[in-house]
Amino acid sequence: TPAPAKTPATFGIGRPATPAEIAALDIDIGPEGAGLPPGRGTAADGAPIYAARCAGCHGKTGREGPNDVLVGRLPGDAFPFARDPRAPKTIGSYWPYATTVFDYIRRAMPPDAPGSLKDEEVYGLVAYLLAMNELIPQDAVVDAASLPKVQMPARAHFVPDTRGQPKAT
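Here goes a summary of the coordinates provided.

1. Overview of the packing of helix α4 (residues 98-108) against helix α5 (residues 119-132)
Part 1 of the reasoning: At their nearest, the axes of α4 and α5 sit 9 Å apart, and the two run at 130° to each other. What the angle tells us is that α4 and α5 run oblique. Relative to α5, the crossing made by α4 is right-handed. In this structure, α4 uses Ala-98, Val-101, Phe-102, Ile-105 and Arg-106 to contact α5, whose residues at the interface are Asp-119, Val-122, Tyr-123, Leu-125, Val-126, Leu-129 and Leu-130.
Part 2 of the reasoning: Partitioning the contact of α4 with α5 into residue classes produces 10 nonpolar, no polar and 2 charged.

Rendered as C-alpha cells:
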C-alpha cells in the first residue's frame, strides 16, 4: 500500500493578516459593552438618519415594514415567542441587550452599504430606536457608558446554554 500523502504546512498562497487588517474587522460588541467605540448620540440625532437610511425598509415609524418591524412592545412585556412564532420580534419585545442593537446596525446596516455609518450615526440610530421602543427617554444620551446600562425587557428570557459544559466540582 502507498504511504499516505503528507499535508503541507501551508498551501503557499496568501499571507498572514496584518494587525491593522484584523483590527478593521474586529468590531464585535459584547453584552456588557466591551468594544463600544467613543462617540454619542440622541434620538434627535438619529431621527433624520433613520428617515433617510432605514424607513424605506422598516417603515416610517419602524412598525410598518416591509422588512423587520423594529418598534413595539407587548403588553406587560410578555414573551410569547415559544407559543406564538408570529409575534413580532422587535427591539423592544425580543432583543436581550441594547449593545446588540449597536453591534448589528454598525456591522450590517444599511443593507446596501453595511459598515458605512459612522459610530456617531450608529449611536444616534440606537438612541432613536430605543426611545421609539420607550426604553430610554427621548432626550437620553447614548454612549459607551450608558448603552450597556439600558435594561431590555426580554433580557431575563435569554440564559446561557450550559449544555455540554463541564460541571463545576
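Having seen the structure, we can now continue with the description.
2. Looking at the nonpolar core
Part 1 of the reasoning: Counting 32 residues, the largest nonpolar core has Val-126 and Leu-130 as the members making the most contacts within it.
Part 2 of the reasoning: Of all the elements in the fold, those that place two or more residues in this core are α2 (43-53), α4 and α5.
Part 3 of the reasoning: Once residues within four sequence positions are removed from consideration, Val-126 is found in contact with Val-101, Phe-102, Ile-105, Val-142 and Leu-147.

3. Let's talk about the environment of Val-142
Part 1 of the reasoning: Checked against the element boundaries, Val-142 lands in strand β2 (residues 142-143).
Part 2 of the reasoning: Between the C-alpha atoms of Val-142 and Leu-125, which are 17 residues apart in sequence, the distance is 9.7 Å.
Part 3 of the reasoning: Once residues within four sequence positions are removed from consideration, Val-142 is found in contact with Gly-39, Arg-40, Gly-41, Tyr-123, Val-126, Ala-127, Ile-136 and Leu-147.

Criteria and thresholds
Residue indices begin from 1 for each chain and proceed along its sequence in written order. Only residues with pLDDT of 70 or above have their local features reported here, since the model is predicted, and side-chain atom pairs are shown and tallied only from 80 upward, although totals for entire chains, interfaces and linings are computed over all residues. Only heavy atoms go into the side-chain values, all of them from the structure, while hydrogens and water stay out. Helix axes use the C-alpha atoms of the stretch in contact, all axes being lines fitted to C-alpha atoms, and the angles between their N-to-C directions lie in the range 0 to 180 degrees. A run of DSSP states H or I qualifies as a helix once it reaches four residues; a run of E qualifies as a strand once it reaches two. Both are numbered from the N-terminal end. Orientation labels follow simple angle bins: below 35 degrees gives roughly parallel, above 145 gives roughly antiparallel, 65 to 115 gives roughly perpendicular, and whatever is left gives oblique. Helix crossings get a hand from a simple test, with the near helix turned counterclockwise from the far one by less than a right angle marking a left-handed crossing and a clockwise turn marking a right-handed one. Note on contacts: a residue pair qualifies if any of its non-hydrogen atoms lie within 4.5 Å across the two residues. In this classification, the charged set is Asp, Glu, Lys and Arg, the nonpolar set is Ala, Val, Leu, Ile, Met, Phe, Trp, Tyr, Cys and Pro, and all remaining amino acids, among them Gly, are polar. Remark: nonpolar core denotes a set of buried residues (Ala, Val, Leu, Ile, Met, Phe, Trp, Tyr, Cys) joined through side-chain atoms within 4.5 Å. The buried label applies to any residue whose accessible area, calculated with a 1.4 Å probe on protein chains only, is under 20% of its type's maximum; exposed applies above 50%, and partly exposed to all values in between.

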